[in-house]
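Letter by letter, the chains look like this.
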Amino acid sequence: MDLRIFTEPQQGATYDTLLTVAKATEDLGFDAFFRSDHYLSMGSVDGLPGPTDAWITLAGLARETKRIRLGTLMTAGTFRLPGVLAIQVAQVDQMSGGRVELGLGAGWFEQEHKAYGIPFPKEKVARLEEQLAIVTGLWATEVGKTFSYEGTYYQLTDSPALPKPAQAKVPVLIGGHGATRTPRLAGRYADEFNMPFGTIEDTERQFGRVREAAEKAGRKGDDLVYSNALVVCVGKDDAEVARRAAAIGREVEELKANGLAGSPAEVVDKIGRYRAVGSRRLYLQMLDLDDLDHLELISSQVQSQLS
């Protein structure tokens, strides 16, 4: 079971804070550092000092880390044109020496679009399908050949399809709870399917849908990696769990029900239940980015038991 650290910088974080967490992620033996792609905070936090851009952040981290994978859960398709996104991701992959993964979603938070003048189209999933076709098509085009695409929302004519990523294939992540369109897109385009903040029962059901969709697309269900994203709140004892829950404005029992919370033994047990339904990778949503002791505890008392 791979453990990856997943951050939500729109809630309030500087690049230096993210760099500190990414370096701790690497030093403590975690598999990857991922971040969300949002420009507006959510809930009661003020979000100060303001948003950081996902791919600019990852470009910086690509040069300041050496081992960990780097990526997004999820890049908002509404924020970027697909041709430009393919260039950005390929360049960051080169900068990292081939450690980048692209999580791509339709975009959903209308208010952040209004706040920063970003169009918020109605046909988000249909656009996402074209974006996936274009990004993967550009990367797959042989050097010296061109790529064209005639879609409803995007048209590309004789693109040189450059630059190429350092990796032969940048892993593409697709995720979500949708019962029909999401599995279909994942079955066709995804190297990994991620179930965000889902119960064990919902996870098992959705993984089954994606496996079926992959087989309909002519692939094997096991061609994909299956993963979960879950909030994490671990403590050596009940008092430490309660303190960490309070720091992120959550209740302990709610966190235990909807995430990975409690003692290391409790968390390892629940991880085992996700593994039993097919999950092979966990994105641990860290909401208090100043609590590096939390990362150390997870590394020494949770991750160590999984290996």
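Procedures and definitions
- Residues numbered from 1 in each chain as written.
- Predicted model: local features only at pLDDT ≥ 70, side-chain atom pairs only at ≥ 80, totals over all residues.
- Heavy atoms only, no water.
- Helix = DSSP H or I, 4+ residues; strand = E, 2+ residues; numbered from the N terminus.
- Rg over C-alpha atoms; globule rule 2.2 N^0.38 Å.
- Contact = heavy atoms within 4.5 Å.
- Areas by Shrake-Rupley, 256 points an atom, 1.4 Å probe, with all protein chains shown as cover.
- Lys, Arg positive; Asp, Glu negative; His and termini not counted.
- Charge placed at Lys NZ, Arg CZ, Asp CG, Glu CD.
- Axes fitted to C-alpha atoms, helices over the stretch in contact; angles between N-to-C directions.
- Parallel < 35°, antiparallel > 145°, perpendicular 65-115°, else oblique.
- Left-handed = near helix turned anticlockwise from the far one by under 90°.
- Core = buried A, V, L, I, M, F, W, Y, C linked by side-chain atoms within 4.5 Å.
- Buried < 20%, exposed > 50% of the residue type's maximum accessible area, 1.4 Å probe, protein only.
- Salt bridge = Lys/Arg side-chain N within 4 Å of Asp/Glu carboxyl O.

A. Up close: the overall build of the chain. A count of helices and strands for the chain gives 11 helices and 12 strands. Relative to the compact-globule value of 19 Å for 307 residues, the chain shows a C-alpha radius of gyration of 19 Å, a close match. Principal-axis analysis of the C-alpha atoms gives the chain an extent of 60 × 40 × 35 Å. Partitioning the intrachain contacts of the chain with sequence separation of at least 6 by distance along the chain shows that 72% fall at a separation of at least 24. On the chain, roughly 13,700 Å² of surface is accessible, and the fraction owed to carbon and sulfur atoms is 50%. Looking at the chain, you have 35 positive and 42 negative side-chain charges, and the mean spots of the two groups are 5 Å apart.

B. How the structure looks around the packing of helix H3 (residues 82–96) against helix H5 (residues 124–140). Their axes nearest at 9 Å, the elements H3 and H5 cross at an angle of 45 degrees. Taken as axis vectors, H3 and H5 run oblique relative to one another. For the pair H3 and H5, the crossing hand works out as right-handed. Contacts between H3 and H5 involve Pro82, Gly83, Leu85, Ala86, Val89 and Ala90 from the first element and Gln131, Ile134, Val135, Leu138 and Trp139 from the second.

C. Focus on the nonpolar core. Counting residues in each nonpolar core, the largest one holds 70 residues, and the members touching the most others are Trp55, Leu102, Trp139 and Ile298. It is H5 that contributes the most residues to this core, seven residues altogether. Leaving out residues up to four positions away in the same chain, Trp55 has contacts with Thr72, Thr75, Arg80, Leu85, Val89, Val92, Val100, Glu101 and Leu102. Within the second largest apolar cluster, seven residues are counted, among which are Phe6, Ala32, Phe34 and Ala229.

D. Up close: helix H6 (residues 181–189). Regarding H6, the residues found buried are Thr182, Pro183, Leu185, Ala186, Gly187 and Tyr189. Looking at the buried residues of H6, the elements they touch are H5, strand S8 (172–175), strand S9 (192–196) and helix H7 (200–216).

E. Here's a closer look at the pattern of salt bridges. Scanning all chains against the criterion turns up 22 salt bridges. With its nearest N and O atoms 2.9 Å apart, the salt bridge here joins Arg4 to Glu101. Taken together, the residues span a long stretch of sequence, with Arg4 in strand S1 (residues 2–7) and Glu101 in strand S5 (residues 100–105) at a distance of 97 residues. The residues Arg4 and Glu101 share a single accessibility class, namely buried. Among the ionic pairs, Arg244 bridges to Glu240, the shortest N-O distance being 3.1 Å.

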